[in-house]
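Chains, contacts and geometry: an overview
Now for the letters of each chain:
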Amino acid sequence: MAVRFAARFLVFALILVPVATGSRAEDVSAPSAPDAPASPSLASPPATPAGRQASAPGGRGNASTPLAPVEQRRLPEDSRTKQSIALPGRTLAFTATAGSIRLFNEKGEPQADIAYTSYQLDGVSQRERPVTFFFNGGPGASSAYLQLGNAGPWRLSFEGDMPASSASPELKPNAETWLDFTDLVFIDPVSTGYSRFVATDEEVRKRFFSVDGDVNALAVTIRRWLEKSDRLGRA
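Structural notes, computed from the coordinates. (Residues numbered from 1 in each chain as written. Predicted model: local features only at pLDDT ≥ 70, side-chain atom pairs only at ≥ 80, totals over all residues. Heavy atoms only, no water.)

Quick word on the side chain of R102
Summarising the element assignment, R102 is placed in strand β4 (residues 90-104). On the basis of relative accessibility, which here comes to 4%, the residue R102 falls in the buried class. Reaching out from R102, the side chain makes a polar contact with the side chain of D113 at a distance of 2.7 Å. (Helix = DSSP H or I, 4+ residues; strand = E, 2+ residues; numbered from the N terminus. Buried < 20%, exposed > 50% of the residue type's maximum accessible area, 1.4 Å probe, protein only. Polar contact = N/O pair within 3.5 Å; in protein donor to acceptor, adjacent residues only side chain to side chain.)

Shown next, in the form of structure tokens:
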């Protein structure tokens, strides 16, 4: 884990290099499984989590079936776009994704939706390419400054007077982006950025807002992203 200071925030960047494993890890609902998280409050979801029904494409159910309150709070479906930036001496073409990962407890009940933004370079073997996960030390801070003030493909302009919060943002290509040598995933812990609680139980908030709960949530999110993106190595 590399620790850097940027934009007056504490930055944590976890870099993972593909490692060969015997098989792809599968989602499990039992906390006793070998790769289940340490805390039973954030187990991976079963095939059909409790309180969630199979839905039509788009994940929102059909028009004749009212959405349960927990689904009404669900984040939008992942959005992927093809992008490119011209930088000194090179042009980077990549896939940008604004997505989310839902965390469940050991009963398969949804707890929180964790939002992320990822950038994966096109035209390279993802099996051999490192991926770096960024999350802010906070507390209570999203990964926006890590993305737009440090390692992302674009950077906010901070020249001259500090921009007012009501001003339109001016994005510039970031010549110092890390995308040259690693794919990037920016994670917003629950209650920061677009990440949100799904469960309304106050005990759920207390677990997430603890040291162990925060670490466990990030660990599960990283593992789930690797599985979701098929980035786990294979023998």
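A look at the environment of T182
Its place among the elements puts T182 in the loop between β8 (171-173) and β9 (183-187). What makes T182 buried here is its relative accessible area of 1%. The spacing of T182 and P130 is 52 residues in sequence and 5.0 Å in space, taken between C-alpha atoms. T182 has contacts with R129, P130, V131 and T132, leaving out every residue within four places of it along the chain. A polar contact of 2.9 Å, which involves the side chain of T182, links it to the side chain of T132. (Contact = heavy atoms within 4.5 Å.)

Focus on the nonpolar core
One finds L103, F133, V185, I187, F208, W225 and L226 to be the most contacted residues of the largest nonpolar core, which totals 22 residues. Where this core is concerned, the elements lending two or more residues are β4, β5 (110-121), β6 (131-136), β9, α3 (202-208) and α4 (211-228). Counting residues per element, this core draws most heavily on α4, which supplies six residues. Discounting chain neighbours no more than four positions away, the residues touching I187 are I114, A115, Y116, F133, F134, F135, S143, L218, T221 and I222. The next biggest cluster of nonpolar side chains, apart from the first, holds 14 residues, and it includes L87, A96, L121 and W178. (Core = buried A, V, L, I, M, F, W, Y, C linked by side-chain atoms within 4.5 Å.)

Some thoughts on the pairing of β6
Counting buried positions along β6 yields six of six residues, so the element is predominantly enclosed. Here β6 shows no split at all, with V131, F133 and F135 on one side and T132, F134 and N136 on the other all buried. Two strands pair when backbone bridges link them, and β6 and β9 are joined in this way by four bridges, in the parallel orientation. In the strand pairing of β9, F134 is matched with F186. (Pairing = 2+ DSSP bridges.)

Function-wise, these values are silent; they only describe arrangement.
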